[in-house]
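Coordinate analysis (summary)
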Amino acid sequence: MKAEEYFNTKEVAKYMKTSPRTIERWRTEGQGPEYYKVGRKVIYKLGDINAYLASNKYSHTSQY
């Protein structure tokens with residue numbers, strides 16, 4: 001069994017090619033990938049990040 005990969009906010013931002021501040025803002029607005037709170041830490045599973053990206057895939061602008 002392969003262990004699930006977890007990322008912190010900075011790593012998620014790098015993976016998604018955006019800023020950590022954007023990831024933090026999305027979290028407070030209820031947007032972005034699902035996350036977990038472990039004590040004071042916020043972590044993201046790779047599968048949840050990829051699911052979020054896949055759910056925001058469009059082929060043309062009228063799909064928004």
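In short, a report on the structure. This is a predicted model, so every value here is computed, not measured.

1. Focus on a nonpolar patch on the surface
Together, Tyr 6, Tyr 36 and Val 38 make up an exposed nonpolar region whose accessible area comes to about 290 Å². Along the polypeptide, Tyr 36 turns up in strand S2 (residues 36–38). Assessed through its relative accessible area of 34%, Tyr 36 is described here as partly exposed.

2. Brief notes about the nonpolar core
Core analysis: the biggest nonpolar cluster contains eleven residues, these being Phe 7, Val 12, Ala 13, Met 16, Ile 23, Trp 26, Val 42, Tyr 44, Leu 46, Ile 49 and Tyr 52. Mapped by element, the contributors of at least two residues to this core are helix H1 (9–16), helix H2 (20–29), strand S3 (41–45) and helix H3 (46–55). Setting aside its immediate chain neighbours within four residues, Tyr 52 contacts Met 16, Trp 26, Gly 32 and Pro 33.

3. A few points about the packing of aromatic side chains
Taken as a whole and assessed by the stated rule, the structure comprises three aromatic pairs. Centre to centre, the rings of Phe 7 and Tyr 15 are 5.9 Å apart; their planes meet at 35°, and the pair counts as tilted. What makes Tyr 15 partly exposed here is its relative accessible area of 37%. On the basis of an interplanar angle of 50° and a centroid distance of 6.0 Å, the ring pair of Tyr 35 and Tyr 44 is categorised as tilted. Over the ring of Tyr 35 we find Arg 27; its NZ or CZ atom is 5.7 Å from the centre of that ring.

4. What to know about the pairing of S3
Across the two faces of S3 the burial differs, with Val 42 and Tyr 44 buried and Lys 41, Ile 43 and Lys 45 not buried at all. Sheet analysis places strand S1 (residues 6–7) next to S3, joined by two bridges and oriented antiparallel. Its bridge partner lying in S3, Phe 7 is registered against Tyr 44. As paired strands, S2 and S3 are joined by three bridges and run antiparallel to one another.

5. Here we look at unusual backbone geometry
A positive phi is found at Lys 17, a non-glycine position, where the angle reads about 55°. Mapping Lys 17 onto the fold places it in the loop between H1 and H2. The class for Lys 17 is exposed, based on a relative accessible area of 75%.

Quick notes on the rules
- Residues numbered from 1 in each chain as written.
- Predicted model: local features only at pLDDT ≥ 70, side-chain atom pairs only at ≥ 80, totals over all residues.
- Heavy atoms only, no water.
- Patch = residues over 30% accessible without salt bridge, like charges linked within 9 Å, V, L, I, M, F, W, Y side chains within 5 Å.
- Areas by Shrake-Rupley, 256 points an atom, 1.4 Å probe, with all protein chains shown as cover.
- Salt bridge = Lys/Arg side-chain N within 4 Å of Asp/Glu carboxyl O.
- Helix = DSSP H or I, 4+ residues; strand = E, 2+ residues; numbered from the N terminus.
- Buried < 20%, exposed > 50% of the residue type's maximum accessible area, 1.4 Å probe, protein only.
- Core = buried A, V, L, I, M, F, W, Y, C linked by side-chain atoms within 4.5 Å.
- Contact = heavy atoms within 4.5 Å.
- Phe/Tyr/Trp six-rings, centres within 6.5 Å; stacked < 30°, edge-to-face > 60°.
- Lys NZ or Arg CZ within 6 Å of the ring centre and 35° of its normal.
- Pairing = 2+ DSSP bridges.

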